[in-house]
Amino acid sequence: MLELRGKKVSDGIKEYVSKELETLSFVPKLAIVRVGEKPDDMSYERGATKKLKSFGLDVASYVFPQDISDEDFKKAFKEVTGILLLRPLPRTINEKDIENMIDPKKDLDGISPINIAKVFAGDTTGFSPCTAEAVIEVLKAYDIELTGKRVKKYDCR
């Protein structure tokens, strides 16, 4: 049985990101948007923040109360480089509107309609969901053949 370890992959991605950051005149900023105080969302947020900061990226958490209005919530998507939206959102917020508001170039989890369409069309110019992308990266790092499996190969770099 083969044991797959994410650290090997993470280290490779960290090295890649470090080199890419050297070519930029700014540090990309990821916005993690969370509504409410769900323990699993808070844990995910802490882990993502720690990992991304270790990569040299800027991370800001935007935390809103569970009872925030749809209108107030929509104002949160203005001035960031990348968005990771923790879902599901409260029923008082129109999630479809939010998905449509996210600029596909800022959509780090592949939830904008344009990025979803690109995933299904096999177009690798968009963003696909983080978790699925991470699994593919781990499998590639261990040279696990994907041909013939119900998986699409995407090169996220």
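Being a predicted model, the structure only gives us computed values, none of them experimental. (Residues numbered from 1 in each chain as written. Predicted model: local features only at pLDDT ≥ 70, side-chain atom pairs only at ≥ 80, totals over all residues. Heavy atoms only, no water.)

Side note on the side chain of Ser112
Okay, step 1: Mapped onto the secondary structure, Ser112 falls in the loop between helix 4 (95-101) and helix 5 (113-121).
Okay, step 2: Apart from the residues within four sequence positions on either side, Ser112 is in contact with Glu99, Ile102, Pro104 and Asp107. (Helix = DSSP H or I, 4+ residues; strand = E, 2+ residues; numbered from the N terminus. Contact = heavy atoms within 4.5 Å.)

Description of the packing of helix 1 (residues 6-22) against helix 6 (residues 130-141)
Okay, step 1: Across the interface, helix 1 lies against helix 6 with an axial gap of 9 Å and an inter-helix angle of 100°. One finds that helix 1 runs roughly perpendicular with respect to helix 6. Here Gly6, Lys8, Val9 and Ile13 of helix 1 lie close against helix 6, whose contacting residues are Glu137, Val138 and Ala141.
Okay, step 2: Considered class by class, the residues forming the contact of helix 1 with helix 6 number four nonpolar, one polar and two charged. (Axes fitted to C-alpha atoms, helices over the stretch in contact; angles between N-to-C directions. Parallel < 35°, antiparallel > 145°, perpendicular 65-115°, else oblique. Nonpolar A, V, L, I, M, F, W, Y, C, P; charged D, E, K, R; others polar.)

Some points on the sheet that holds strand 1 (residues 29-35)
Okay, step 1: Pairing within the open sheet is parallel, and its three strands lie in the order 2-1-3. Two strands close off the open sheet at either side, each with one partner strand: strand 2 (58-64) and strand 3 (82-85). The sheet shows a mean angle of 20° between the axes of neighbouring strands, taken without regard to direction.
Okay, step 2: Of the pairings in the sheet, the one linking strand 1 to strand 3 comprises four bridges and is parallel in character. When the bridges of strand 3 are listed, Ala31 appears paired with Ile83.
Okay, step 3: Seen against the sheet, helix 2 (residues 39-54) touches strand 1, strand 2 and strand 3 and runs at an angle of roughly 170° to strand 1. (Pairing = 2+ DSSP bridges.)

Side note on the pairing of strand 1
Okay, step 1: Within strand 1, six of the seven residues are buried, which leaves the element mostly enclosed by the surrounding structure.
Okay, step 2: The pairing of strand 1 with strand 2 spans seven bridges and is classified as parallel. Note that in strand 2 the partner of Val33 across the bridge is Tyr62.
Okay, step 3: Regarding the hand of the β-α-β motif, the stretch spanning strand 1, helix 2 and strand 2 is right-handed. (Buried < 20%, exposed > 50% of the residue type's maximum accessible area, 1.4 Å probe, protein only. Right-handed = clockwise from strand over helix to strand, strands pointing away.)

Geometric values such as these leave the question of function open.
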